[in-house]
Amino acid sequence: MPSEANVAKAGLEGVVAAQSAISDVNGDEGRLIYRGFDIHDLAEHASFEEVVHLLWHGNLPTRSELALLSGLLNRESRLSSEIQALIRAIPKDANPMDMLRTVVSALALHDPEAGDTSREANLRKAIRLTAKFPTIVTTFQRVRYGLEPVEPSDGLSIAGNFLFTLRGEVPDDVATRTMDVAFVLHADHELNASTFAARVTAATLSDMYSAVVSAIGTLKGPLHGGANEGVIKNLLEIGSLENVEPWVLKALAGKKKIMGFGHRVYHTEDPRATHLREMSRQLGERTGEKKWYEMSRKMEEVIMREKHLNPNVDFYSASTYYAMGIPPDLFTPIFACSRISGWTAHVLEQFDHNRLIRPRAEYVGPRGLTYTPIGERV
Ligand code: COA
């Protein structure tokens with residue numbers, strides 16, 4: 001009989017597996033802080049570049065620190081001809097998260113500092129990765145649609161350049177700020193599955209690229225970042241406001257997990273969803289296409305009534321991005337374009353106080369069996 005300490009906790013629920021000073025989730029109060037700052041405060045006032053500095057360095061940047069970081073991020077956002085050629089060679093129908101995982105893995109092959117795990121080299125790699133993620137995603141999007149890639153512009157932020165390199169035209173302030181806030185909201189979330197995967201990889205003293213590749217593969221899953229694509233698929237399948245309630249009731253009766261609802265840690269409203277709901281509403285009004293927001297509200301109402309489940313970050317990000325004309329299979333890569341800042345912050349922190357992460361399993365298989373020669377097995 002195993003002692004209580006040796007009994008597995010399914011899904012590691014409630015297990016504290018690391019100390020971190022980067023972000024904290026209070027699931028009972030629905031609060032999220034990055035380095036002590038409330039997410040509501042940051043969503044209202046901070047740019048993504050400021051948040052990136054905050055996550056990596058622990059403080060909001062001064063004017064000159066911000067100018068320095070923004071300049072470096074802008075300069076590193078361009079892709080080499082080898083990486084552009086690789087993106088062109090990827091099948092046009094590839095899943096964009098698989099594409100991202102592959103291209104990020106290839107970035108390591110072209111980075112002479114890939115194996116240098118010093119803090120200085122890791123910070124430079126964090127800058128390269130955070131800068132290049134959006135360009136990789138938008139380059140693939142353009143190439144697969146038969147369009148030429150667009151080079152990032154010098155004067156634009158990460159959010160601005162994401163939209164510029166996606167569409168080939170300079171976005172207006174509303175679109176840029178919407179993207180910027182979405183990036184701020186998704187930047188970090190304590191020991192979520194992909195961040196944990198990154199830290200496990202880093203803790204073996206593997207390199208930052210390997211840690212980030214582990215994280216991308218983990219974010220892809222529909223129980224994690226992949227949920228936002230699932231949300232829009234559901235909304236498109238439902239198709240109209242009057243279909244929402246019967247669709248939800250049928251899905252719940254069939255014990256189906258409805259994407260964009262529920263959370264391991266939040267037992268109340270996810271504070272990121274509060275902002276995304278409002279962003280979705282405003283965009284719906286702006287474009288005159290309120291249907292997706294209204295259907296989302298109805299879904300939220302029925303699921304709250306039936307299951308007491310709250311929407312999570314992925315629910316309203318789906319209708320927000322859809323209203324911006326972004327293809328659904330780019331929703332999870334957009335999540336990655338933001339979360340790369342948190343992943344790299346955690347890898348830096350892991351390296352600063354490293355100890356191999358190696359838990360135990362509660363063995364539930366047989367014991368005491370003896371080898372049977374192959375000819376005697378049935
Ligand atoms: N739709 C329907 N029922 C859900 C649900 C959902 N999205 N999320 C949780 N539940 C129900 C479960 O069926 C279970 O009910 P039961 O006790 O009657 O069996 C209960 O709520 C607990 O769910 P469980 O899957 O054990 O919670 P978890 O902590 O392991 O999982 C998630 C958390 C996020 C993986 C889960 O809520 C989920 O799958 N959500 C949909 C995917 C998603 O949006 N992921 C993004 C997370 S940010």
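Residues numbered from 1 in each chain as written. Predicted model: local features only at pLDDT ≥ 70, side-chain atom pairs only at ≥ 80, totals over all residues. Heavy atoms only, no water.

Caption draft 1: View of the overall build of the protein chain. Summing up its helical and strand segments, the protein chain has 16 helices and 3 strands in all. For a compact globule of 378 residues, the expected C-alpha radius of gyration is about 21 Å, and the protein chain comes in at 22 Å, within 12% of that figure. Across its three principal directions, the C-alpha atoms of the protein chain cover 70 × 55 × 45 Å. Residues classed as buried in the protein chain amount to 50% of the 378 residues present. (Helix = DSSP H or I, 4+ residues; strand = E, 2+ residues; numbered from the N terminus. Rg over C-alpha atoms; globule rule 2.2 N^0.38 Å. Buried < 20%, exposed > 50% of the residue type's maximum accessible area, 1.4 Å probe, protein only.)

Caption draft 2: Here's a closer look at the side chain of Thr320. Along the chain, Thr320 falls in helix H15 (residues 313-323). From its side chain, Thr320 meets the backbone oxygen of Tyr316 in a polar contact 2.6 Å long. If near-sequence neighbours (up to four positions away) are discounted, Thr320 is found in contact with Thr178, Leu276, Met279, Ser280 and Leu283. (Polar contact = N/O pair within 3.5 Å; in protein donor to acceptor, adjacent residues only side chain to side chain. Contact = heavy atoms within 4.5 Å.)

Caption draft 3: Structural view of the nonpolar core. Leu100, Phe133, Met179, Met299 and Ile326 are the most contacted members of the largest nonpolar core, which has 103 residues in total. Both domains that meet at this core, namely domain 1 (23-220 + 333-352) and domain 2 (227-323), each give it at least three residues. Ignoring any residue separated from it by four or fewer positions in sequence, one finds Met299 in contact with Leu235, Ile238, Val244, Trp247, Val248, Ile258, Phe261 and Phe315. (Core = buried A, V, L, I, M, F, W, Y, C linked by side-chain atoms within 4.5 Å. Domains from an automatic or database assignment.)

Caption draft 4: Examining the pairing of strand S1 (residues 23-26) more closely. Across the two faces of S1 the burial differs, with Ser23 and Val25 buried and Asp24 and Asn26 not buried at all. By the bridge criterion, 4 bridges tie S1 to strand S2 (residues 31-34) in an arrangement that is antiparallel. Bridge pairing in S2 links Asp24 to Ile33. (Pairing = 2+ DSSP bridges.)

Caption draft 5: Representation of the domain arrangement of the protein chain. Under the domain assignment, the protein chain is made up of domain 1 (23-220 + 333-352) and domain 2 (227-323). Centre-to-centre, using C-alpha coordinates, domain 1 lies 26 Å away from domain 2. With 23 residues of domain 1 in contact, the opposing surface of domain 2 contributes 20 residues. Across the domain 1 to domain 2 interface the summed buried area is about 1700 Å²; carbon plus sulfur atoms make up 68%. (Buried area = accessible area lost by both parts, 1.4 Å probe.)

Caption draft 6: Fine view of the site of the ligand. Taken together, 18 residues surround the ligand, and among them Lys257, Ile258, Gly260, Phe261 and Arg264 come closest. In the environment of the ligand, a nitrogen atom lies 3.0 Å from a nitrogen or oxygen atom belonging to the backbone of Leu223. In the model, an oxygen atom of the ligand is placed 2.9 Å from a nitrogen or oxygen of the Asn312 side chain. A total of 850 Å² of accessible area belongs to the ligand in isolation, and the protein chains cover 65% of it. (Near = heavy atom within 4 Å. Areas by Shrake-Rupley, 256 points an atom, 1.4 Å probe, with all protein chains shown as cover.)

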